[in-house]
Amino acid sequence: HMNAQAFSEDGTAVAVGLFGQKTRVTTTLEHIEMMVVEAETAQSAAGLRQNPLVEFIEEEFFHPAPKPLATWGQATFKRGDTALAMDVPWGIEAVKAPAAWAVTKGRSARVMVLDTGVDSSHPSLASRLEKVKNFTRGGASDVTDQIGHGTHVAGTILADGANGGLVGVAPQAKLLMGKVCMAEGCSNIAIAAGVNWSVQEKVDVVNMSLGGAMISEGEAKAIRAAEAAGVMIAAASGNDGSGKVSFPAAMETVMAVGAIDSTLKRAAFSQYGPQ
């Protein structure tokens, strides 16, 4: 009802746009009560901002893109006299995942990863992949991971360990991959759209191994809406080594996750703080 039409003297319909401004609604993010709008001019955007029916309006910007990670280290851990048959990164043992597997391997869990995409044919991930969606350029189902970060993160979470392959913390969980980052960065609009998708899909948890020194109002609103809908979000504290946690990890509703090294001490690069 907010997109109107005017009529010229000859009766021809003329598009006016959102609240009479020269704009076009490209996407409606109904689960977080937002819209993505293209404005023809800065004046059109300013007109929306001044409208009392508009809560806020902000321009698209990009957080730094996640950096590629080192390849999984190959290690075989021995538990008693029995060697684990799978390729288990040291961190999997460090967080005591094998002990948790006696109770659950995440069979009923659905995990959404918002990242750089995923190698959907990876032999340790293909069996876990449920859905994909691209919120960056290209086709909606094109989640090609040109950086490798999203594939690595997804593997850490739920690689299935089949045929002696890599194993993640929850190797029976299902993966929903939302591509929100490209080489030039992670769009605040793409992140908000990804969080909207997580609410739509009613996933159990969202992993966001990304962030920056600030957060947009739209992203914060989206994350609060996800929390209210029962979706838990975990995000990276950051890799700059400072005593200041990155956003969105620094938000009260988000679980901030930092890093330790193989001696179980805080990794020198891992950001930290009261969050």
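Residues numbered from 1 in each chain as written. Predicted model: local features only at pLDDT ≥ 70, side-chain atom pairs only at ≥ 80, totals over all residues. Heavy atoms only, no water.

A. Structural view of the pattern of salt bridges. In the structure shown here, the tally under the stated rule is seven salt bridges. When the shortest N-O distance is used, the salt bridge between Arg110 and Glu130 registers 3.0 Å. Taken together, the residues span a long stretch of sequence, with Arg110 in strand β8 (residues 110-115) and Glu130 in strand β9 (residues 129-134) at a distance of 20 residues. By relative accessible area, which is 18% here, Arg110 ends up buried. Residue classification places Glu130 among the partly exposed positions, given a relative accessible area of 33%. Its salt-bridge partner being Glu184, residue Arg137 comes within 2.8 Å of it at the nearest N-O pair. Placement of the pair is Arg137 in the loop between β9 and α4 (149-158) and Glu184 in the loop between β11 (181-182) and β12 (185-187), with a sequence separation of 47 residues. Look at Arg137 and you get exposed, because its relative accessible area is 57%. Three or more residues joined by partner-sharing salt bridges are found here, namely Arg110, Glu130, Lys131 and Glu201. (Salt bridge = Lys/Arg side-chain N within 4 Å of Asp/Glu carboxyl O. Helix = DSSP H or I, 4+ residues; strand = E, 2+ residues; numbered from the N terminus. Buried < 20%, exposed > 50% of the residue type's maximum accessible area, 1.4 Å probe, protein only.)

B. Inspection of the nonpolar core at higher detail. Judged by nonpolar contacts, the single largest core of 34 residues is most densely connected at Val195, Val206, Met208 and Ile233. Elements that contribute at least two residues to this core include exactly β4 (34-39), β8, α5 (188-201), β13 (205-208), α6 (217-228) and β14 (232-236). The leading source of residues in this core is α5, at seven residues. With residues up to four places along the chain from it excluded, the contact list for Met208 reads Leu114, Ile191, Ile233, Ala234, Ala235, Ala236 and Pro248. By size, the runner-up hydrophobic cluster in this structure holds 15 residues, among which are Leu125, Ala159, Leu175 and Met177. (Core = buried A, V, L, I, M, F, W, Y, C linked by side-chain atoms within 4.5 Å. Contact = heavy atoms within 4.5 Å.)

C. Highlighting the sheet that holds β11. Sheet architecture is open: three strands sit in the order β5-β12-β11, paired in antiparallel fashion. Taken across any chain shown, the strands that pair with only one partner, and hence form the sheet edges, are β5 (62-63) and β11. Alignment of β11 against β12, held across two bridges, turns out to be antiparallel. Directly across from Met182, in β12, lies its bridge partner Gly185. Across the sheet, α5 is in contact with β5 and β12; its angle to β12 comes to roughly 60 degrees. (Pairing = 2+ DSSP bridges. Axes fitted to C-alpha atoms, helices over the stretch in contact; angles between N-to-C directions.)

D. Region of interest: α5. Here α5 contains 14 residues, and its C-alpha end-to-end distance of 20 Å stays within 8% of the 20 Å for a straight helix at 1.5 Å per residue. Those residues of α5 not exposed but buried are Asn188, Ala190, Ile191, Ala192, Ala193, Gly194, Val195, Asn196, Trp197, Ser198, Val199 and Glu201. Where α5 ends, the next residue or the one after it, Lys202, has phi of about 55 degrees, a positive value. (Expected span 1.5 Å × (residues − 1).)

E. Inspection of the side chain of Ser216 at higher detail. Considering the arrangement of structural elements, one finds Ser216 in the loop between β13 and α6. Ser216 has contacts with Glu58, Phe61 and Asn188, leaving out every residue within four places of it along the chain.

F. α4, seen in detail. Burial analysis of α4 places nine of its ten residues in the buried class, the great majority of the element. For α4, the complete set of buried residues consists of His149, Gly150, Thr151, His152, Val153, Ala154, Gly155, Ile157 and Leu158. In this structure, the buried side of α4 is in contact with β8, β10 (174-179) and β13.

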